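The residues making up each chain are set out below.
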Amino acid sequence: MITYNTENVAMPAIRKRDTTAWIRRVATTYGKRVGEVGYLFCDDKKILEVNQQYLQHDYYTDIITFDYSEDDVLNGDIVISLDTVRSNAEQFGRPYDEELHRVIIHGILHLCGQNDKGPGERQQMEAAENRALELLSAS
């Protein structure tokens, strides 16, 4: 089950049923299935608080993924700052909806085992995001 919640922001204009089906399709391409995944859309203030409290990081970010997956079942909590998604969309010259979906699937890709911190991993993650976005537009 995938849940979508908000704190300090309005729910983004995503079609939850379509987004959930897309997430499941992407997970399947990695040989995974979706268990319990919770999204929390929030503002910069909240994501900074989460980053400080749970990761001891004192900076803003667009997404934090907490991975509780077991074997091939994806479980986790994904916290997304809509403030940072919006500013990133502007900075990268992308439509807001595209950037939002990129970040939504970024968390799922982490749960599927994709990383983006090591050498070359950022490029691999971006390629995986692009493949996932193609699945979204194909539906």
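Values in this document were obtained by computation on a predicted structure and should not be read as measured data.

### Brief notes about the packing of helix 3 (residues 82–92) against helix 4 (residues 96–111)
Their axes nearest at 9 Å, the elements helix 3 and helix 4 cross at an angle of 120 degrees. Taken together, the axes of helix 3 and helix 4 are oblique relative to one another. The crossing of helix 3 and helix 4 is right-handed. Together, Leu 82, Val 85, Arg 86, Asn 88, Ala 89 and Phe 92 of helix 3 and Tyr 96, Glu 99, Leu 100 and Val 103 of helix 4 make up the contact between the two elements. Here the residues of the contact of helix 3 with helix 4 are counted per class, giving seven nonpolar, one polar and two charged.

### Some points on the pattern of salt bridges
By the definition in use, this model includes eleven salt bridges. Between Arg 94 and Glu 98 there is a salt bridge; the shortest N-O distance is 3.8 Å. What makes Arg 94 partly exposed here is its relative accessible area of 28%. Since its relative accessible area comes to 31%, Glu 98 is described here as partly exposed. Glu 99 is the partner of Arg 94 in a salt bridge, and the nearest nitrogen-oxygen pair spans 2.8 Å. Classification of Glu 99 by relative accessible area gives buried; the value is 3%. A single network of salt bridges, built from pairs that share partners, joins Arg 94, Glu 98, Glu 99, Arg 102, Asp 116, Arg 122, Glu 126 and Glu 129.

### So, helix 3
All buried positions along helix 3 are accounted for by Leu 82, Thr 84, Val 85, Asn 88 and Ala 89. In a view along the axis of helix 3, the buried residues occupy a sector of 155 degrees, so they form one face of it. Away from its buried face by more than 90 degrees, helix 3 exposes Glu 90 and Gln 91. Buried residues belonging to helix 3 abut strand 2 (33–42), helix 2 (44–55), strand 4 (73–81) and helix 4. Looking one or two residues beyond helix 3, the residue adopting positive phi is Gly 93, at roughly 65 degrees.

Definitions and cut-offs
- Residues numbered from 1 in each chain as written.
- Predicted model: local features only at pLDDT ≥ 70, side-chain atom pairs only at ≥ 80, totals over all residues.
- Heavy atoms only, no water.
- Axes fitted to C-alpha atoms, helices over the stretch in contact; angles between N-to-C directions.
- Helix = DSSP H or I, 4+ residues; strand = E, 2+ residues; numbered from the N terminus.
- Parallel < 35°, antiparallel > 145°, perpendicular 65-115°, else oblique.
- Left-handed = near helix turned anticlockwise from the far one by under 90°.
- Contact = heavy atoms within 4.5 Å.
- Nonpolar A, V, L, I, M, F, W, Y, C, P; charged D, E, K, R; others polar.
- Salt bridge = Lys/Arg side-chain N within 4 Å of Asp/Glu carboxyl O.
- Buried < 20%, exposed > 50% of the residue type's maximum accessible area, 1.4 Å probe, protein only.
- Arc of directions from axis to C-beta.

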